[in-house]
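Overview (structure and organization)
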Amino acid sequence: MEFSFTQEQQMIRDTAASFLAEVSDSDAVRRAMATEAGYDDALWSRITGEMYWHAVHIPEDFGGLGLGYVELVAMLEEMGKHLTCSPFYSTVCLGVNALRVAATDEQQEKYLSQIAADGITATLAWTGVAGGWDASAIDTIYTLTDDGAVLDGRLRYVTDGHTADLLVIAARENGSSGEAGIGLFIVPANAVGVTRAWLPTMDQTRKQAEIDLSGVRVDASDVMRDAGNAWPLLSQALDLARIAIAADQMGGANQVLDVTVDYVKERKQFGRPVGGFQAMKHKAADMMLKAEAARSAVYYAACVADESLSGRATSETLAEAASIAKAYCSDAYFYNAGCALQMHGGIGFTWEHDVHLYFKRAKSTQQFLGDAAFHRERLSRQILGDTI
Amino acid sequence: MKLTFSPEDEAFRQSIAAWLAENLTGNFEKIRFRGGPGDEHMFFEERREWEYRLAEGGWTCVGWPKEHGGRGLSIEQQVIFHEEYARAGGPGRVGHIGEGLAGPTLIAFGLDQQKQRFLPQIRSGKELWCQGYSEPGAGSDLANVRTKAVFDEAKNKWLITGQKIWTSLAIESDWCFVIARTDPESKGSRGLGFFLVEMNQPGVDIRPINQLTGTSEFNEVFFDAAECDGDCIVGEPGDGWKVAMGLLGFERGVSTLGQQMLFQNEFDEIVRIAKGNGAAQNPTIRQRIADAHIGLKIMRYNSMRTLSSDVGDGSLEKAAMIYKLYWSSWHRNLGNLAMDVLGPEAEIIESAPYDLTQLQSLFLFARSDTIYGGTNQIQRNIIAERALGLPREPRPPVKTKD
């Protein structure tokens, strides 16, 4: 048992920290978040061309780095700390994960190689306009044809859905419900019948879109594995994505603590640093407890994610680790960001100070892929069984 | 990072599990899962016999270095030992203060002759230890110790006078380590000594504290010129604080994983009841049970991280510093959950006058978890000051004379 970073993993995190400090400072974040695309092409080019992060867990056979989830969460932690605006999460944690889990060998060869080589972006879309994060949220309809499938429906809350080059779409057979009848399809964003609209969001650092599919034809070669029974595959991809967003949250939860501690050491009232008051110290201590516990949850879940991707962990084990990490990190980040805002006092309420960016990202990521209550209920079904 | 144990460690797991299955039987059957925190008053004689059995098998002091009579287990194997011990329902150890606190302190700070005198007796379970730190006026402000130690040249003995409180296992123990003031003019953490005091002597009077649980794990200990041999001070007079604080460092460690197995047993019992009485259908209870599950799992991951090798970024120290605050809060909440899962039945005790069920005992005793060994408020001060570098609490100026 060895439950800490290796020297190499530590180096990856340090490299990410110094690179992002340079390219993803407050000014860069604010410039990117103010745009509809939500990111700077030049930064994405450096991430894909120079750092090669987008290929971190793409297998070497397809031109990737062939590293694992521990390396991935090390990068995500730093991106969470820096509020990094980029299509990294959608491409790597939604797109690549979905492809690794549900794509046929030919599809992996084609699309993972393309992502690794060209840095094309990707995302995963499944939730319909009614919202929700479980199988019942899927309401796009697919109809199998002689040469593939046709998709019709409207998808909402799609991360980077308006900019991604490649869409992985979850749809269901007409008349099916729940976890039955689910299929996954690879759709180039420029396919005929695809209409995409940016949804302006309260958290401007993570972009969302709505996607209309109207008679979109999918070639047979782009129908992913187990069409009609693909929920377990999608569920695995979503759990991997949950662990990834939990890493972003853990980074954020740590960062707002650090920023706040620095501030309350400097800010003086009543003739002394406000950080010397127990009301502040005890809040800061609670924040550290949550930040550290979040870190432990994410590291463990990352190890399980690696085992899942190599077929050594059951879907229940992955689901448990993912729900634990997502539930805990969601609430830890929101708690810490809320404390940070409060402990900054008036300055924390201004647009100029970055604390609101973390506060908003904490809320948006808390909702995304299921909030803490969603995941606690999911865990309670494992522990207690379903309700009658 | 990897989650699995090596084949050698798994083989070790088999061997300790097998030993426990073979030995925790017969007379010892009734002490399985007994004698833990809140239950330390139960089955003392049987648990003492069990301590001898463990010692015969070489299963006491498993983490001590071999040269001091321990088993010299690796961190991984210590983890496994504590996990298997708790899984098998191994009873609360009567020797845990000697093994976990007194012994490591002597190994770190004691003279060779002190080690030779005391360590074998701890390892064999022949001598039990208790801890004399807190006083009525020295709780969170532990350095405010008033108990005095005066050296009597004629007798070549230290004479200890004062009152200690919250001493668990005082009645059963043979020895007590005591911090007492060697310099009567001193205040705070200076001028203290660390003494090894024999309990069975005329100058020591023990009075059980009647707790809100109706039981008496904790005691008051009165020292009235209690005698302590000249060579039973650890470190020099004045070094007592350093020795005592070094000892606090031993209090969190691998045994935390065994503690978590006990918590797991309690959690499993609550789940069993919830499934049986319909509480498992209540959405609020479901949320709270899942939350307790999340909390316990992360407690384990956090300990695994604490026990793993450090890459030098200081993160492990932080993971270790949150431990007391984390587990005590979690355990207190588990007690609340247990009562709410039981519903109206939570009120009905085992028998009059005041025998509690195990879950009632958990609920009430857990209220001490957030107080002893540094209250949650003190823990937060420590985290804020030592881990986050926030300003220290202002302290009143120390007067040299009253």
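No experiment lies behind these values; they were computed from the predicted model shown.

Looking at the overall build of chain A
Each helix and strand counted, chain A has 11 helices and nine strands in total. At 21 Å, chain A has a C-alpha radius of gyration in line with the 21 Å of a compact globule built from 388 residues. If one aligns the C-alpha atoms of chain A with their principal axes, the spans along those axes are about 80 × 50 × 40 Å. Residue pairs in contact within chain A that sit at least 24 positions apart in sequence constitute 75% of those at least 6 positions apart.

Brief notes about the overall build of chain B
Looking only at helices and strands, one finds 12 helices and eight strands in chain B. Here chain B holds 402 residues, and 44% of them are scored as buried. Put simply, 72% of the contacts in chain B that link residues at least 6 apart link residues at least 24 apart.

Structural notes on the pairing of strand β2 (residues 141-145) of chain A
The side chains of a regular strand alternate between the sheet's two faces. Residue and element names in this part refer to chain A. Here β2 runs beside strand β3 (residues 148-159); their pairing, made up of five bridges, is antiparallel. Each residue of the ladder has a partner; that of I141, found in β3, is D152. Hairpin remark: β2 followed by β3, antiparallel, with two residues in the connecting loop. Two strands pair when backbone bridges link them, and β2 and strand β4 (residues 166-173) are joined in this way by two bridges, in the parallel orientation. From the neighbouring strand, I141 faces β4, where its bridge partner is R172.

Some details on the domain arrangement of chain B
Residues and elements named next belong to chain B. Looking at chain B, the domain boundaries give domain 1 (7-94), domain 2 (129-238) and domain 3 (252-387). Distance from the C-alpha centre of domain 1 to the C-alpha centre of domain 2: 30 Å. A class-by-class count of the residues in the side of domain 1 that touches domain 2 yields two nonpolar, two polar and one charged.

Here we look at the packing of helix α7 (residues 231-266) of chain A against helix α10 (residues 355-367) of chain A
The relative placement of two packed helices comes down to the angle between their axes together with the axis-to-axis distance. Residue and element names in this part refer to chain A. The contact between α7 and α10 brings their axes to 10 Å, and the two run at 150°. The angle between α7 and α10 falls in the class roughly antiparallel. Every pair of crossing elements has a handedness; the one defined by α7 and α10 is left-handed. Residues I245, D248, Q249, G252, Q255 and V256 of α7 lie in contact with α10, whose contacting residues are V355, Y358, R361, A362 and T365. Looking at side-chain class alone, the contact of α7 with α10 contains five nonpolar, four polar and two charged residues.

Some words on the domain arrangement of chain A
Residues and elements named next belong to chain A. On domain assignment, one finds that chain A holds domain 1 (7-121), domain 2 (123-222) and domain 3 (231-384). Distance from the C-alpha centre of domain 2 to the C-alpha centre of domain 3: 28 Å. Each partner contributes residues to the interface: domain 2 has 13 residues there, and domain 3 has 12 residues. Its residues assigned to classes, the side of domain 2 that touches domain 3 shows eight nonpolar, two polar and three charged.

Brief notes about the environment of A:F368
Summarising the element assignment, A:F368 is placed in the loop between α10 and α11 (372-384). Note: C-alpha distance between A:F368 and A:I245 (123 residues apart in sequence) is 8.6 Å.

Topic: the nonpolar core
The biggest cluster of nonpolar side chains holds 231 residues, and the ones touching the most others in it are A:F185, A:A297, A:V298, A:A301 and B:F195. Among the elements that take part in this core, α7(A) stands out by supplying 19 residues, more than any other.

Structural notes on unusual backbone geometry
Here the amide bond leading from B:A352 into B:P353 is cis, since omega sits at 0°, within 30 degrees of zero. Among the secondary structure elements, B:P353 is positioned in the loop between α10 (323-342) and α11 (358-369). A positive phi is found at A:F270, a non-glycine position, where the angle reads about 55°. Positioned with a positive phi, B:F33 is a non-glycine residue whose angle comes to about 65°. Residue classification places B:F33 among the partly exposed positions, given that 18 C-beta atoms sit within 10 Å.

Some thoughts on helix α3 (residues 41-51) of chain A
All names here are of chain A. Residues W44, I47 and T48 constitute the buried set of α3. Taken down its axis, α3 places every buried residue within 80° of arc, on the same side. For α3, exposure combined with an orientation more than 90 degrees from the buried face picks out A42, S45, G49 and E50. Of the surrounding secondary structure, the elements contacted by the buried residues of α3 are α5 (88-102).

Brief notes about the packing of α10(B) against α11(B)
All names here are of chain B. Remark: α10 packs on α11, axes separated minimally by 8 Å, with the N-to-C direction vectors making an angle of 150°. Judged by the inter-axis angle, α10 sits roughly antiparallel to α11. Crossing hand, α10 versus α11: left-handed. Residues S328, H331, R332, L334, G335, N336, A338, M339 and L342 of α10 form the contact with α11, whose own contacting residues are L359, L362, F363, A366, R367 and D369. Grouping the amino acids of the contact of α10 with α11 by side-chain chemistry returns eight nonpolar, four polar and three charged.

Things to note about the interface of chain A and chain B
Taken together, the contacts link 38 residues of chain A with 42 residues of chain B. Secondary structure elements with two or more residues in the side of chain A that touches chain B: α1 (7-23), α7, α8 (278-309), α9 (315-344) and α11 of chain A. Here the side of chain A that touches chain B gets 13 residues from one element, more than from any other, and that element is α8(A). For the side of chain A that touches chain B, the residue count by class is 23 nonpolar, nine polar and six charged.

Brief notes about the environment of A:A284
With respect to the element layout, A:A284 can be found in helix α8. The spacing of A:A284 and A:V264 is 20 residues in sequence and 9.7 Å in space, taken between C-alpha atoms. With near-sequence residues (within four places) excluded, A:A284 lies in contact with A:L257, A:T260, A:V261, B:A384, B:L388 and B:L390.

Considerations on α11(A)
Note: α-helices contain 3.6 residues per turn, so residues at a spacing of three or four share the same orientation. All names here are of chain A. Compared with an ideal rise of 1.5 Å per residue, which puts 13 residues at 18 Å, α11 spans 17 Å between its outermost C-alpha atoms and is within 8% of the ideal. Looking only at α11, the buried set comprises A372, H375, R376, L379, S380 and L384. Buried residues of α11, viewed axially, fall in a sector of 150°; they line one side. The positive-phi residue at the C-terminal boundary of α11 is G385, with phi of around 85°.

A word on the confidence of the model for chain B
Averaged over all residues, the pLDDT of chain B is 91; the fraction at 70 or higher stands at 94%. Both confidence scores are given for the complex: pTM 0.94, ipTM 0.96.

Description of the pairing of β4(A)
All names here are of chain A. When you tally the buried positions in β4, you get seven out of eight residues, the bulk of the element. Note: strand β1 (residues 122-125) against β4, four bridges, orientation parallel. By the bridge assignment, L124 is partnered in β4 with V168.

Some thoughts on the environment of A:F185
All names here are of chain A. The topology assignment puts F185 in strand β5 (residues 182-188). Look at F185 and you get buried, because 25 C-beta atoms sit within 10 Å. For the pair F185 and L167, spaced 18 residues apart in sequence, the C-alpha to C-alpha distance is 8.1 Å. If we ignore the near neighbours within four places in the chain, the residues touching F185 are Y142, A149, L151, I169, A171, V218, D222, V223 and M224.

Reading the values: the criteria
- Residues numbered from 1 in each chain as written.
- Chains lettered and ligands numbered in written order.
- Predicted model: local features only at pLDDT ≥ 70, side-chain atom pairs only at ≥ 80, totals over all residues.
- Helix = DSSP H or I, 4+ residues; strand = E, 2+ residues; numbered from the N terminus.
- Rg over C-alpha atoms; globule rule 2.2 N^0.38 Å.
- Contact = placed C-beta atoms within 7 Å.
- Buried ≥ 20, exposed ≤ 12 C-beta atoms within 10 Å, placed from the backbone.
- Pairing = 2+ DSSP bridges.
- Domains from an automatic or database assignment.
- Nonpolar A, V, L, I, M, F, W, Y, C, P; charged D, E, K, R; others polar.
- Axes fitted to C-alpha atoms, helices over the stretch in contact; angles between N-to-C directions.
- Parallel < 35°, antiparallel > 145°, perpendicular 65-115°, else oblique.
- Left-handed = near helix turned anticlockwise from the far one by under 90°.
- Core = buried A, V, L, I, M, F, W, Y, C linked by C-beta atoms within 7 Å.
- Arc of directions from axis to C-beta.
- Expected span 1.5 Å × (residues − 1).
- pLDDT = per-residue confidence, 0-100.

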